[in-house]
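Here's the letter readout for the chains.
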Amino acid sequence: MQVDPRGQRFAAVVTTVVLALVLITGSHWLLAFQALVFAVAVMIGVRHSPYAWIFARFVRPRLGAPPELEDAAPPRFAQGVGLAFALVGLAGYLFVGSWLGMVATAFALFAAFLNAAFGFCLGCEMYLLLRRLPLPGKAA
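Quick caveat: nothing in here was measured; it's all calculated off a predicted structure. (Residues numbered from 1 in each chain as written. Predicted model: local features only at pLDDT ≥ 70, side-chain atom pairs only at ≥ 80, totals over all residues. Heavy atoms only, no water.)

This brings us to the UniProt feature "transmembrane region" (unreviewed entry) in the chain. In the numbering adopted here, UniProt assigns the feature "transmembrane region" (unreviewed entry) to residues 12-30, 36-56, 77-100 and 106-130. Annotated as 89% helix and 0% strand, the span residues 12-30 places its first and last C-alpha atoms 16 Å apart. Secondary structure across residues 106-130 divides into 88% helix and 0% strand, with the first and last C-alpha atoms of the span separated by 23 Å. (UniProt positions renumbered as here; feature names shortened; annotations may be inferred. Helix = DSSP H or I, 4+ residues; strand = E, 2+ residues; numbered from the N terminus.)

The tally for this structure, following the rule as stated, stands at one disulfide. The disulfide that involves Cys121 links it to Cys124, with 2.3 Å between the sulfurs. Judged by the sign of its S-S torsion, about 70°, the bond between Cys121 and Cys124 is right-handed. Among the residues examined, Cys121 registers a relative accessible area of 14% and is labelled buried. Judged by its relative accessible area of 11%, Cys124 is buried. (Disulfide = S-S within 2.5 Å. Buried < 20%, exposed > 50% of the residue type's maximum accessible area, 1.4 Å probe, protein only.)

Here Phe38 lies in helix H2 (residues 28-43). The class of Phe38 is buried, set by a relative accessible area of 5%. Separated by 52 residues in sequence, Phe38 and Leu90 have C-alpha atoms that sit 13 Å apart. Once you skip the residues sitting within four places of it in the chain, Phe38 turns out to touch Thr15, Gln79, Gly82, Leu83 and Ala86. (Contact = heavy atoms within 4.5 Å.)

What follows is the structure, encoded as C-alpha cells:
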C-alpha cells in the first residue's frame, strides 16, 4: 500500500503539538488519546488514522496530487514505535511516576518533531535498518 508522504508529515505536526501539550499539562488523558491514534495507525493502517482522515478530507484537496507516493510499511512501523513510547509514558504517569511519563513522552515528541520539522522519520529509518539486518540461519 502506498501513502502520501505529506500526510505523514501532517500527522507528525499534529502529533508534535499533542505530545508537547502532554508535557506542558501532564495530561495522561491526552497521552491516552495519542496512544489510541498510534494504535489505529498500527492496527488498521496509517491511511485510516484520525490524522490521516483530517489530512485527506481537508488538506490534500487544497494541495492536489502528490508528486510521488511512498510505501506505508515504514510509517506504520514508526507509528508502532510511537505507540510503545506512549504506552510506557501512560504507565509512567499512572503507575510509576510522572518522571517516566515525561521521559517517554519527550522521546516520542523528539521523533515526531524530527519528522514534522525536517521530514526525517526516525521510526521509518529504524524499519529500513532492521530490514537490512541478516536473519539468523539465512545466508548473507
